[in-house]
Amino acid sequence: MRVAVGQSPVATDEYLAFAAQLGVEGVQFNTPDLPGDHRWEYEDIKRLVDRVAEFGLRIEAFENLPNHFYDKVLLGLPGRDEQIENVRATITNMGRAGVPILGLNVMLQSVWRTDVGPYGRGGATVSVYDHDVASDPSRLEEVWVARRDRRVADAKDSWVRGEHLGNEVTITHDELWANVEYFVRSIVPAAEEAGVRIGFHPDDPPAEELHGVARILTSVDALVRAATIVDSPALGIELCLGTVSEMGGEPAVLDAIERLGSRGKILYVHLRDVAGTMPRFRECFLGEGNYSPLRVIQALHRVGFDGFILDDHTPGLVNDEGYGYRGRAHAIGYIQALLDVVTSGAAG
């Protein structure tokens, strides 16, 4: 196990220096800022790999393609096979350039929150979710959506109000599962050939549906199902423990680690937490949420997880703007210390 710095879309000097200063070996990019309207090309990916290497770092993973790279695939619309061919080409180009993991999500409505403000410890900025608000059609303009394809410049989590899908789009659970299974069976062969692993992110929030749009990765059972659509080491889960904690607190988190980790299906981990579970929760600092970070790291160690761990959605500390370096440094240092304790055997 190791820690990586992640979630920036751009390889700025500041971002890469921050990673080097914290002593990690790798970085991850969320929807990296690469050219291309339909796919990413080898030359552009390789240029980013080389840029990161100048700081003595490697790229651990890309997380998220732009929504419009595969929206027709998820909705089962005409043109989906063309999108799949472009995703396959992107995966091939990633493997050729040396990027080993592609994280994907199937959240047609993206990540939702119903408030963002000074609700954390000491007035730290955190997000909040209340399903009563989110499910009320008259209050849709209050909903904050993490639309990474409409990123807010220099914003840590890119929350934007009112950027959800319109009400003209509907899809059932069975339809979305069928579309995702078609997608997986189409891209996994390219991933196997390229030496790239594909990991799906749990749905955040784990609501069964949002205004007629189904969400399917909302339980540990669903994550196991997604990771085993085909029998391939190239398919797994990018395990966001904060989202799993939203499903059912520490029992759900430990269940996911055991069931996915025993199958070798945990590609990497988002280590964050929330206070509360569906239908209401609030993001928080590590150590004050639903689960014990120490017990979680011990569980990951026990199942033989040997991938990387990221901080995620860290609270905004005083004067901590943009990427959120202060909050992220706190979380990463916390995780590094836990790893040292657990892997040295000092935790018993």
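Our structure is the block above this text.
Because the structure is predicted, anything quoted here is derived from the model rather than measured.

Q: Can you explain the pattern of salt bridges? Please cite residues and give values.
A: Tallying each qualifying case throughout the model produces 24 salt bridges. The shortest N-O distance in the salt bridge between E85 and R88 comes to 3.7 Å. Placement of both E85 and R88 in helix α4 (residues 80-97) is noted, with a separation of three residues, approximately one turn of the helix. Its salt-bridge partner being R139, residue E142 comes within 2.9 Å of it at the nearest N-O pair. When salt bridges that share partners are traced, they join R113, D204, E246, R272, E283 and D312 into one network.

Q: Residues and numbers for the side chain of E283, please.
A: When you line up the elements, E283 lands in strand β17 (residues 280-284). You can call E283 buried: its relative accessible area is 3%. Here S127 takes part through its side chain, which lies 2.5 Å from a polar atom of the side chain of E283. Only 3.0 Å separates the side chain of E283 from the side chain of R272, close enough to count as a polar contact.

Q: I'd love a proper account of the nonpolar core, names of residues and values included.
A: Grouped together as the largest cluster of nonpolar side chains are 90 residues, with contacts concentrated most on F62, L239 and L271. It is helix α6 (residues 173-194) that provides the largest number of residues to this core, a total of eight residues. Discounting chain neighbours no more than four positions away, the residues touching L271 are L241, L286, Y291, V296, I297, I309, L310, D311, D312 and I335. Y129, A134, V145 and V274 belong to the second largest nonpolar core, which has ten residues in total.

Q: Residues and numbers for the packing of aromatic side chains, please.
A: With the rule as written, the count across this model stands at ten aromatic pairs. Ring centres of W40 and F62 lie 5.7 Å apart, and the angle between their planes is 85 degrees; this geometry places the pair in the edge-to-face category. Of this pair, W40 sits in the loop between β3 (26-30) and α2 (42-53) while F62 is found in strand β4 (residues 58-63), placing the two residues 22 residues apart along the sequence. Note on accessibility: W40 and F62 belong to one class, buried. Aromatic pair Y129 and F281: ring centres 5.4 Å apart, planes at 25 degrees, arrangement stacked.

Q: Quick rundown of the environment of E63? Include the residues and the values.
A: Position of E63 among the secondary structure elements: in strand β4. C-alpha of E63 to C-alpha of D13: the two residues are 50 residues apart in sequence and 20 Å apart in space. Setting aside residues no more than four positions away along its own chain, E63 makes contact with Q28, F29, N30, T31, G103, H201, E238, Y268 and H270. Within the structure, E63 has its side chain in polar contact with the side chain of Q28 (distance 2.8 Å). Of note is the side chain of E63, whose polar atom sits 2.9 Å from the side chain of H270.

Criteria and cut-off values
- Residues numbered from 1 in each chain as written.
- Predicted model: local features only at pLDDT ≥ 70, side-chain atom pairs only at ≥ 80, totals over all residues.
- Heavy atoms only, no water.
- Salt bridge = Lys/Arg side-chain N within 4 Å of Asp/Glu carboxyl O.
- Helix = DSSP H or I, 4+ residues; strand = E, 2+ residues; numbered from the N terminus.
- Buried < 20%, exposed > 50% of the residue type's maximum accessible area, 1.4 Å probe, protein only.
- Polar contact = N/O pair within 3.5 Å; in protein donor to acceptor, adjacent residues only side chain to side chain.
- Core = buried A, V, L, I, M, F, W, Y, C linked by side-chain atoms within 4.5 Å.
- Contact = heavy atoms within 4.5 Å.
- Phe/Tyr/Trp six-rings, centres within 6.5 Å; stacked < 30°, edge-to-face > 60°.

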